[in-house]
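Descriptive structure summary
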2 protein chains.
Amino acid sequence: MSTSPEQATVVDPELATRLPELREQYAALQARGLSLDLTRGKPSAEQLDLSEPLLSLPGEGNHTSAAGTDVRNYGGLTGLPELREIFAELLGVPVEQLLAQDNASLRLMYDCVVQAMLFGVPGGEPWSATDGPITFLCPVPGYDRHFAICEELGIRMVTVPMTPDGPDAEAVAELVAEDPSVKGIWCVPTYANPDGSVVSEAVARRLVSMPTAAPDFRIFWDNAYAVHHLTEHETKSANAIDLADEAGNPDRVLMFASTSKVTFAGAGVSFLASSPANIAWFSEHLSFRSIGPDKVNQLRHALFFGDAAGVRAHMAKHRAILAPKFAAVTRILAERLGDLGVATWTDPDGGYFVSVDVVPGTASRVVELAGEAGIKLTPAGATFPYGEDPRNANIRLAPSMPPLDEVEVAMDAVATCILLAAAESA
Amino acid sequence: MSTSPEQATVVDPELATRLPELREQYAALQARGLSLDLTRGKPSAEQLDLSEPLLSLPGEGNHTSAAGTDVRNYGGLTGLPELREIFAELLGVPVEQLLAQDNASLRLMYDCVVQAMLFGVPGGEPWSATDGPITFLCPVPGYDRHFAICEELGIRMVTVPMTPDGPDAEAVAELVAEDPSVKGIWCVPTYANPDGSVVSEAVARRLVSMPTAAPDFRIFWDNAYAVHHLTEHETKSANAIDLADEAGNPDRVLMFASTSKVTFAGAGVSFLASSPANIAWFSEHLSFRSIGPDKVNQLRHALFFGDAAGVRAHMAKHRAILAPKFAAVTRILAERLGDLGVATWTDPDGGYFVSVDVVPGTASRVVELAGEAGIKLTPAGATFPYGEDPRNANIRLAPSMPPLDEVEVAMDAVATCILLAAAESA
């Protein structure tokens, strides 16, 4: 992180005097008739091209797994062993504790919560049988689709702050210790969406060992960006599954991952890793809704990667495309906003987002101004439950999709909007 | 149907005298050390080979939909329009009322039931909020995985008889009229699993127009074998979605289909067709668990088929492989069991199964004898809820998977087992 969020509240008092100049700049921006989009963490066409060989894999005549199974037929509920082996190594889990499924991990997360609601997790009653609503802790800023699952299923959300080492573990520990309705917490351990933080071993140890009022509390460990590095230093978040086992709470962590931003979004493979008991629990219920995943696609991916080193080499190619875009975002923010006290921002080592905190009260105005100048930004508040950022300060930028030159144009425009909104409010 | 089930109860009185001879036959059978499997409706390797070109489709550089979308990226929740068009024609529904999703239709059925439990269907309360258990009508013999979904979700099952024209509509109408806990019925309209019956227009009209005590009653119309013909005459079940609309109950029918037994099982595409209100309902909840299906696989399928005629031509190739196996089953049963009164069986015009009714009380013994002679059969009772066939008479045969010569050997063995079990019980 380049700066700490607190700095954003000290706005340069001279900014108000620049209002006419900033209005002119903004008018000129609008006159350009731009149409750019920084809303969602989508891979660019250039990144997708890296996986183009998948489109003719596994190839005719190639339909047999290493174990001799015909991947074109039914069965194999837990997923293709050779693909699970590759990702077990990358995620640091035993292959028997890793399921490979279809499409994307969002589905697996939703299914885990629904299974917990309807049937309970191992050692617990159905969450839906609890008196009153159940509660999830939501570190903020966080991922809107996590919050949407809770909203859809009537789960109460209580926010906890993010720190550069992951969720504020002391705040979490206090809440779970006293409130038995707290059944879960969302956590993106590696290069968090949106603030890029990485869960440290100390935070992970606290989360997996803290006493919980609910005996069936679960950590939804969404390791979406486990291998999505933006620097040569390949940061690893703490291995929560191992640590939970060591702490005597082996069933506390459900880890999710996918190849959505590795190969093709939606046409990839999703993964669930957890304790043997949780994997048996998920698989048992899965067997009522599926006879087996798309093993052809899993073979396709196994052949494409070869091994874990193949995945790492592939991700280095993603990095070569993405790193300059992220560098452009932080460079332009620094150049344009510098020490004016109108914003702080993250400088992540991986993942898909830059999280910007603007002058409190102005985030929605910044998004509105950008929109009217043809730059689509994620709605202000999206990184908070119910879309409500109490400080109206956080904006999530997703620079992966547009080409570099468009990222530069868009970020210059965003900087103008941040400045104008700050000046208006000064 | 070649014979009616009632005939099975008049066993030839001389059969008991053949017991020593049949025991010798069976001992000789066991001595062969066979290992054959007629348990599940799996396509054979020869059938899977028909779709082998899929394994190198869509091909490098081919990743754009007809509408210009990059199928490698996120989005497109309702599925690829060009593939939906092909199957909309085959299923006789408007393309806007057809969703294309991943993997298999079992998933879609499970999700529909779960959505109804948690959120209610359009115009209804959540089924889980009903006082006492809810009820599904289960035509028998039927599909074990339908019953398993009910069992998993705590749904009470009440059986209704099958007829050659589909479920006994009068029995169904009586039950739904008086019991508001009856929220659904399973129905396989085309070449039913296992009895091969096809729902007539008269039965469909009755089912979609009958008054129901529950305002939110739904028909789960599992059109799994819509294009799976075994004769040149391509039977069509009644178009329940159109008929429901005409009857003023447009939201009553949820139709499911897939390419599981068209291309690759599990690596295919699944479909949900229904009224605009039901499709909107399903899609809205779907949007919380998915950003979009595997559009690459949908493009792969669209390119492979070309159009609806392409699907029909492809299914004719399946027929050429399957029809001789089904002919062998019915020929051998007729030759071996003839007019002995020990069994009746279906002679389906499509689908994947032959349903055999043996002497009441002996089905489980037949399966046991077959198993001990190396012929795996579906467990007796599997075609009934909770695996309990009250007459212990029905056996489901699935001849698709083994090569023709193995089907012949297996069926000769099955005939011996049916005879021996009958003689033992005489």
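Thresholds, definitions, all that
Residues numbered from 1 in each chain as written. Chains lettered and ligands numbered in written order. Predicted model: local features only at pLDDT ≥ 70, side-chain atom pairs only at ≥ 80, totals over all residues. Heavy atoms only, no water. Helix = DSSP H or I, 4+ residues; strand = E, 2+ residues; numbered from the N terminus. Rg over C-alpha atoms; globule rule 2.2 N^0.38 Å. Areas by Shrake-Rupley, 256 points an atom, 1.4 Å probe, with all protein chains shown as cover. Lys, Arg positive; Asp, Glu negative; His and termini not counted. Charge placed at Lys NZ, Arg CZ, Asp CG, Glu CD. Phe/Tyr/Trp six-rings, centres within 6.5 Å; stacked < 30°, edge-to-face > 60°. Buried < 20%, exposed > 50% of the residue type's maximum accessible area, 1.4 Å probe, protein only. Least-squares fit on C-alpha atoms with pLDDT ≥ 70 in both. Contact = heavy atoms within 4.5 Å. Buried area = accessible area lost by both parts, 1.4 Å probe. Salt bridge = Lys/Arg side-chain N within 4 Å of Asp/Glu carboxyl O. Polar contact = N/O pair within 3.5 Å; in protein donor to acceptor, adjacent residues only side chain to side chain. Nonpolar A, V, L, I, M, F, W, Y, C, P; charged D, E, K, R; others polar. Domains from an automatic or database assignment. Pairing = 2+ DSSP bridges. Axes fitted to C-alpha atoms, helices over the stretch in contact; angles between N-to-C directions. Parallel < 35°, antiparallel > 145°, perpendicular 65-115°, else oblique. Left-handed = near helix turned anticlockwise from the far one by under 90°. Core = buried A, V, L, I, M, F, W, Y, C linked by side-chain atoms within 4.5 Å.

Before going further, it helps to examine the overall build of chain A. Per the secondary structure count, chain A includes 13 helices and 13 strands. Relative to a compact globule of 426 residues, whose C-alpha radius of gyration would be 22 Å, chain A shows 22 Å and is just as compact. Its C-alpha atoms give chain A principal-axis dimensions of about 70 × 55 × 35 Å. When the accessible surface of chain A is summed, it comes to about 14,600 Å², and 52% of that surface belongs to carbon and sulfur atoms. Of the charged side chains in chain A, 30 are positive and 55 negative; the average position of the first set lies 4 Å away from that of the second.

The next thing to look at is the packing of aromatic side chains. One pass over the full model with this rule turns up 22 aromatic pairs over all chains. A ring pair is formed by Phe136(A) and Phe220(A), whose centres lie 5.3 Å apart and whose planes are at 45 degrees; its orientation type is tilted. Remark: Phe220(A) occurs in strand β7 (residues 218-222) and Phe136(A) occurs in strand β3 (residues 135-140); sequence separation between them is 84 residues. For Phe220(A), a relative accessible area of 1% gives the class buried. On the numbers, 4.4 Å between centres and 25 degrees between planes, the contact of Phe87(B) with Phe271(B) is stacked. Placement of Phe87(B) in helix α3 (residues 81-91) and of Phe271(B) in strand β9 (residues 268-273) is noted, with a sequence separation of 184 residues between them. Counting every residue linked through ring pairs, the aromatic cluster contains Trp127(A), Phe136(A), Trp186(A), Phe220(A) and Phe256(A).

With that settled, the discussion passes to the relation of the copies chain B and chain A. Turning chain B through 180 degrees and shifting it by 0.0 Å along the axis lays it on chain A, with an RMSD of 0.0 Å. Classification of the inter-copy transformation places it as that of a two-fold axis. Measuring from the rotation axis to each C-alpha of chain B, the shortest distance belongs to Ser56(B), at 2.0 Å. Here 100% of the contact residues of chain B are again contact residues in chain A; the copies associate through an equivalent surface.

Our next topic: unusual backbone geometry. Residue and element names in this part refer to chain A. A cis geometry characterises the amide bond from valine 140 onward to proline 141, with omega recorded as -5 degrees. With an omega of 5 degrees, the peptide bond running from asparagine 193 to proline 194 counts as cis. With phi around 50 degrees, tyrosine 191 is a residue other than glycine that occupies positive phi space. Mapping tyrosine 191 onto the fold places it in the loop between β6 (182-187) and α7 (201-209).

So, on to the interface of chain B and chain A. Every contact between the two is made by 55 residues of chain B and, on the other side, 55 residues of chain A. Of the roughly 4,700 Å² buried at the junction of chain B and chain A (both faces included), carbon and sulfur atoms supply 54%. Considering only the side of chain B, the residues that lose the most area to chain A are Arg72(B), Tyr74(B) and Phe288(B), jointly responsible for 17% of the buried surface there. Where chain B meets chain A, there are six salt bridges. For the salt bridge of Asp111(A) with Arg107(B), the shortest nitrogen-to-oxygen distance reads 3.0 Å. Counting the contacts that link chain B with chain A gives 28 residue pairs in polar contact (both at pLDDT 80 or more). Of all the secondary-structure elements, those providing two or more residues to the side of chain B that touches chain A are α2 (45-49), β2 (98-103), α4 (105-119), α5 (144-152), α9 (276-289) and α10 (295-305) of chain B. It is α4(B) that contributes the most residues to the side of chain B that touches chain A, seven residues altogether. Of the residues belonging to the side of chain B that touches chain A, the class tally is 25 nonpolar, 15 polar and 15 charged.

What follows deals with the domain arrangement of chain A. A common way to express how large an interface is: the accessible area buried when the components associate. Residues and elements named next belong to chain A. By the assigned domains, chain A splits into domain 1 (5-47 + 313-425) and domain 2 (65-306). Placing the centre of domain 1 and that of domain 2 at their C-alpha centroids yields a distance of 30 Å. Contact with domain 1, which involves 25 residues of that partner, is made by 30 residues of domain 2. Applying the counting criterion to the domain 1 and domain 2 interface returns one salt bridge. Aspartate 144 is paired through a salt bridge with arginine 40; the nearest N and O atoms lie 3.1 Å apart.

Bringing the sheet that holds strand β13 (residues 394-397) of chain B into the picture now. Residue and element names in this part refer to chain B. Read across the open sheet, the three strands follow the order β10-β11-β13; overall the sheet is antiparallel. A single partner strand is all that each edge strand has here, and the edge strands are β10 (343-345) and β13. Neighbour to neighbour, the strand axes of the sheet diverge by 25 degrees on average, direction disregarded. As judged from the four bridges shared by strand β11 (residues 354-358) and β13, these two strands associate in the antiparallel manner. The residue bridging valine 354 from the neighbouring strand is leucine 397, located in β13.

This brings us to the sheet that holds strand β3 (residues 135-140) of chain B. Residues and elements named next belong to chain B. Taken in spatial order, the eight strands make up an open sheet running β2-β9-β8-β7-β6-β3-β4-β5, and their pairing is mixed. In the strand order of this sheet, the two ends are held by β2 and β5 (166-167), each with one partner. Strands β3, β4 (156-163), β6 (182-187) and β7 (218-222) of the sheet are contacted by α5, whose axis makes an angle of about 160 degrees with β3.

All right, on to the packing of helix α12 (residues 363-372) of chain A against helix α13 (residues 404-425) of chain A then. Residues and elements named next belong to chain A. Where α12 meets α13, the axes come as close as 9 Å, and the angle between the chain directions of the two elements is 130 degrees. On the basis of their axis angle, the class for α12 and α13 is oblique. Crossing of α12 against α13: the hand is right-handed. Contacts from Arg365, Val366, Leu369 and Ala370 of α12 reach α13 at Cys417, Ile418, Leu420, Ala421 and Glu424. Within the contact of α12 with α13, the residues separate by chemical class into seven nonpolar, no polar and two charged.

In this section: the pairing of strand β8 (residues 253-258) of chain B. All names here are of chain B. Among the six residues of β8, six are classified as buried, and the element is accordingly described as predominantly covered. By the alternation rule, side chains of β8 split into Val253, Met255 and Ala257 and Leu254, Phe256 and Ser258, which are all buried. Here β7 pairs with β8 via four bridges, running parallel. When the sheet's bridge partners are listed, isoleucine 219 is paired in β8 with valine 253. Examined bridge by bridge, β8 and β9 share four bridges and lie antiparallel to one another. Residue pairing in the sheet places alanine 257 in a bridge with phenylalanine 271 of β9.

Bringing the nonpolar core into the picture now. The tendency in soluble globular proteins is for nonpolar side chains to be buried side by side. Counting residues in hydrophobic clusters, the biggest one holds 117 residues, and the most contacted among them are Trp221(A) and Trp221(B). Look past the residues within four positions of Trp221(A) in its chain and what remains in contact with it is Cys187(A), Pro189(A), Val199(A), Ala204(A), Leu207(A), Ala238(A), Ala240(A), Val253(A), Leu254(A), Met255(A) and Phe256(A). By size, the runner-up hydrophobic cluster in this structure holds 69 residues, among which are Leu77(A), Val114(B), Trp127(B) and Phe136(B).

This part covers the side chain of Ser275(A). Of note, Ser275(A) is situated in the loop between β9 (268-273) and α9 (276-289). Not counting chain neighbours up to four residues away, the residues in contact with Ser275(A) comprise Gln97(A), Pro250(A) and Asp251(A).

Here we come to the environment of Pro161(B). Residue and element names in this part refer to chain B. Position of proline 161 relative to the elements: it lies in strand β4. Along the backbone, proline 161 and cysteine 138 are 23 residues apart, and their C-alpha atoms lie at a distance of 8.4 Å. For proline 161, the residues in contact, after removing those within four places along its chain, are Val140, Pro167, Asp168 and Ala171.

Residues and elements named next belong to chain A. Where helix α4 (residues 105-119) meets helix α5 (residues 144-152), the axes come as close as 11 Å, and the angle between the chain directions of the two elements is 30 degrees. When the axis of α4 is compared with that of α5, the two are roughly parallel. Considering how the two elements wind past one another, α4 and α5 form a crossing that is right-handed. When α4 is examined against α5, the residues Leu106, Met109, Tyr110 and Val113 are found in contact with a partner set consisting of Arg145, His146, Ile149 and Glu152.

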